[in-house]
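# Architecture at a glance
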Amino acid sequence: MTIGTTEPTSVKILVVGSFGVGKTTAIGGISEIRPLTTEEPITDLSAATDDLSSTPGKKTTTVALDFGRVNLSDDLTLYLFGTPGQERFKELWQDLTRGALGALVLVDPRPDRLKQSFAVLDLVEQYQLPYVIGVNHFDGQRRYPLDEVRDALSVSPATPVVSCDVRRRQSTGEALITLIDHYIDTRL
Amino acid sequence: MDDGSDLELTNSLVPYYVRAGGAALPPEEEFDRTSWVAITPEGLHARIVDRDAANIRDLLGSGPLSVHEVAARIGVPLGVCRVLLAQLRDDGLLVSRPPIPKAEAPDRELLDRVRAGLIAHLRIGA
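All of these numbers come straight from a predicted model, not from anything done at the bench.

## Comments concerning the overall build of chain A
Of regular secondary structure, chain A possesses six helices and seven strands. Moving toward the C terminus, one meets the helices and strands of chain A in the order β-α-β-β-β-α-β-α-α-β-α-β-α. Taking all 188 residues of chain A together, the buried fraction comes to 51%. Pairs at least 24 residues apart make up 71% of the contacts formed inside chain A by residues separated by at least 6 positions. A total accessible area of about 9300 Å² is found for chain A, and carbon and sulfur atoms account for 51% of it.

## A word on the overall build of chain B
A count of helical and extended segments in chain B gives six helices and three strands. The helix and strand sequence of chain B, counted from the amino end, reads α-β-α-α-β-α-α-β-α. Evaluated residue by residue, chain B yields a buried proportion of 37% over its 126 residues. Taking as baseline every contact in chain B between residues at least 6 positions apart, the subset at least 24 positions apart corresponds to 69%.

## Considerations on the nonpolar core
Core analysis: the biggest nonpolar cluster contains 32 residues, and Ile13(A), Leu78(A), Leu80(A), Leu106(A), Ile180(A), Val114(B) and Leu118(B) have the highest contact counts within it. Among the secondary structure elements, those contributing two or more residues to this core are β1 (9-17), α1 (23-30), β3 (60-73), β4 (76-84), β5 (102-107) and α6 (169-187) of chain A together with α6 (108-122) of chain B. Counting residues per element, this core draws most heavily on α6(A), at seven residues. Apart from the residues within four sequence positions on either side, Leu80(A) is in contact with Ile13(A), Val15(A), Ile27(A), Ile30(A), Asp66(A), Phe67(A), Gly68(A), Val70(A) and Leu176(A). Core analysis: the second largest hydrophobic core is formed by 26 residues, Ile39(B), Ile48(B), Ala54(B) and Leu59(B) among them.

## Quick notes on the interface of chain A and chain B
Taken together, the 25 residues of chain A in the interface contact 18 residues of chain B. Buried surface at the junction of chain A and chain B, summed over both partners, amounts to about 2000 Å²; 71% is from carbon and sulfur atoms. Where chain A touches chain B, the interface holds two salt bridges. Residues Arg115(B) and Asp181(A) are paired through a salt bridge, measuring 2.6 Å at the closest nitrogen-oxygen approach. Seen at the junction of chain A and chain B, the total is five residue pairs in polar contact (both at pLDDT 80 or more). Contributing elements (two or more residues each) for the side of chain A that touches chain B: β1, β3, β4 and α6 of chain A. For the side of chain A that touches chain B, the leading source of residues is α6(A), giving ten residues.

## Digging into the pairing of β5(A)
Residue and element names in this part refer to chain A. Judged by how many residues are buried, β5 sits mostly within the fold: six of six residues are covered. Alignment of β1 against β5, held across five bridges, turns out to be parallel. Bridging across to β5, Ile13 finds its partner in Gly102. One ladder, built from five bridges, connects β5 with strand β6 (residues 131-135); its direction is parallel. Bridge pairing links Ala103 to Tyr131 in β6.

## Remarks on the packing of helix α4 (residues 67-74) of chain B against helix α5 (residues 78-90) of chain B
Residue and element names in this part refer to chain B. Their axes nearest at 9 Å, the elements α4 and α5 cross at an angle of 110°. Considering their axes alone, α4 and α5 lie roughly perpendicular with respect to each other. Here α4 contributes Val67, His68, Val70 and Ala71 to the contact with α5, which in turn contributes Leu78, Cys81, Arg82 and Leu85. Grouping the constituent residues of the contact of α4 with α5 by class yields six nonpolar, one polar and one charged.

## With respect to the packing of aromatic side chains
Residues and elements named next belong to chain A. One pass over the full model with this rule turns up three aromatic pairs over all chains. Considering the side-chain rings of Phe67 and Tyr79, the 5.6 Å spacing of their centres and the 25° angle between planes classify their relative orientation as stacked. Highlighted residues: Phe67 in strand β3 and Tyr79 in strand β4, separated in sequence by twelve residues. Look at Tyr79 and you get partly exposed, because its relative accessible area is 26%. Grouped by ring-pair contacts, the aromatic residues Phe67, Tyr79 and Phe81 constitute a single cluster.

## What to know about the pairing of β4(A)
All names here are of chain A. Here β4 lies mainly inside the structure; eight of its nine residues are buried. Direction of pairing for β1 relative to β4: parallel, over a ladder of nine bridges. Each residue of the ladder has a partner; that of Gly17, found in β4, is Pro84.

Criteria and thresholds
- Residues numbered from 1 in each chain as written.
- Chains lettered and ligands numbered in written order.
- Predicted model: local features only at pLDDT ≥ 70, side-chain atom pairs only at ≥ 80, totals over all residues.
- Heavy atoms only, no water.
- Helix = DSSP H or I, 4+ residues; strand = E, 2+ residues; numbered from the N terminus.
- Buried < 20%, exposed > 50% of the residue type's maximum accessible area, 1.4 Å probe, protein only.
- Contact = heavy atoms within 4.5 Å.
- Areas by Shrake-Rupley, 256 points an atom, 1.4 Å probe, with all protein chains shown as cover.
- Core = buried A, V, L, I, M, F, W, Y, C linked by side-chain atoms within 4.5 Å.
- Buried area = accessible area lost by both parts, 1.4 Å probe.
- Salt bridge = Lys/Arg side-chain N within 4 Å of Asp/Glu carboxyl O.
- Polar contact = N/O pair within 3.5 Å; in protein donor to acceptor, adjacent residues only side chain to side chain.
- Pairing = 2+ DSSP bridges.
- Axes fitted to C-alpha atoms, helices over the stretch in contact; angles between N-to-C directions.
- Parallel < 35°, antiparallel > 145°, perpendicular 65-115°, else oblique.
- Nonpolar A, V, L, I, M, F, W, Y, C, P; charged D, E, K, R; others polar.
- Phe/Tyr/Trp six-rings, centres within 6.5 Å; stacked < 30°, edge-to-face > 60°.

The structure is reproduced here in structure tokens:
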């Protein structure tokens, strides 16, 4: 490994969303390192906070953080942090948002799941992060028009809402590029 | 406010309105909670009639403080404090500095490199 002539730079993007929405999958798909996750078996204790009714096969949950890395060039590294929006992780958000370029907010568009994204949206708004909404379409479910999802979440018309199949790394990558473009459009 | 009745002279908000000299709040982005305020050399020696404003001047005599702390130390609500600070600023007796940004904002060149890097990494069309 050679050392570049320029100072290495890193950028940070958050991948956020409610429980079971696919954050770990999204980060794992594009990270060069095996994502460092802290998945733990779901226990009865988390039943009060983690609603399993629409993800019955889910046996583990990310305790606090997913971490992934993409070396974009010799001297530029992208770090991805995934974290849930539960109230109990609020303190973590304070640290994570510092210096972050923005957030990809993953949402599950099913009507009974969509409302779980509100807490996360509140947090990104509160920390004034540039963000895009990635609508993760799950297996065998009908596809919800993005406009309807936007209305249901009542996000501003300027906020991009894109379809994002987290199992496909290209799809996640495209959502991240949308975020970069959104940042360029709104903050520069 | 205890109820929805009209503002009367006995209303608890009135004293604050008077203490702020009846002036309107400065724009939201000015005198943010974490903005720093400092007294100017002129301010140190100016004759200030308003008691609260004079207290602010005395408080800042020993160095700059955050808006939030000024309000707490002189014992007025944040809104009143912001009004008073704006007036002192307009009179040239006080300067303010906006809060230090959370982190250095990325520039266009960096964002372009991130974008290009992602496209190359994922081999996707732009």
